Amino acid sequence: MILGLSIVLMICSVLMVLLVLLHKGKGGGLSDLFGGGVTTSLGGSSVVERNLDRLTIGTGIVWFACVVALGLLMGAEVPPQ
């Protein structure tokens with residue numbers, strides 16, 4: 001169980017980094033430093049951006065659940081002193 005959750009956590013961590021990097025910069029932050037401020041937004045977010053947001057939030061929820069579950073399982077393995 002711990003091994004399976006650890007593998008899911010590692011996959012979610014890599015996926016989370018990739019999804020965050022795929023987001024378009026909103027301006028005013030570090031994205032401007034690397035040339036993100038040159039492009040202008042043409043209005044509201046597109047369907048792709050909204051789906052990317054949902055996928056990122058879903059991955060974050062799975063990541064958080066894995067961290068909590070691993071914490072509970074690892075805490076249950078430590079023998080009392």
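The structure we're discussing is the one just above.
Being a predicted model, the structure only gives us computed values, none of them experimental. Within any chain, residue numbers begin from 1 and follow the written order of that chain's sequence. Local features in this predicted model are restricted to residues whose pLDDT is 70 or higher, and side-chain atom pairs enter the listing and the counts only when it is 80 or higher, whereas totals over whole chains, interfaces and linings include all residues. Each side-chain value is worked out from all heavy atoms of the structure, with water and hydrogens disregarded.

Asks: Help me get a handle on the side chain of Thr56, residues and values and all.
Replies: Runs of H or I in DSSP of at least four residues are treated as helices and runs of E of at least two as strands, each being numbered from the N terminus. When you line up the elements, Thr56 lands in helix α3 (residues 47-77). The rule is simple: take the accessible area with a 1.4 Å probe, protein chains only, and divide by the maximum for that residue type; under 20% is buried, over 50% is exposed, in between is partly exposed. For Thr56, a relative accessible area of 11% corresponds to the buried category. Within the structure, Thr56 has its side chain in polar contact with the backbone oxygen of Leu52 (distance 2.7 Å). Between two residues, a contact is recorded if the distance between any of their heavy atoms is within 4.5 Å. Apart from residues no more than four positions distant in its own chain, Thr56 is found in contact with Met16, Leu19, Val20 and His23. Whenever a nitrogen or oxygen atom comes within 3.5 Å of another N or O atom, the pair is scored as a polar contact, on the condition that within protein one atom can donate a hydrogen and the other can accept it, and that pairs from neighbouring residues in sequence are kept only if both atoms are in side chains.

Asks: If you had to explain helix α1 (residues 2-22) to someone new, which residues and values would you point to?
Replies: Multiplying 1.5 Å by the helix residue count minus one yields the expected span of that helix. In this model, α1 (21 residues) spans 30 Å end to end at C-alpha, consistent with the 30 Å of a helix rising 1.5 Å per residue. Along α1, the positions that sit buried rather than exposed are Leu5, Leu9, Cys12 and Leu19. Buried positions in α1, seen along its axis, are confined to an arc of 100° and lie on one side of it. Looking at α1, the residues exposed on the side facing more than 90 degrees away from the buried face are Leu3, Met10, Ile11, Val14, Val17 and Leu21. Note that the arc is computed from the directions linking the helix axis to the C-beta atoms.

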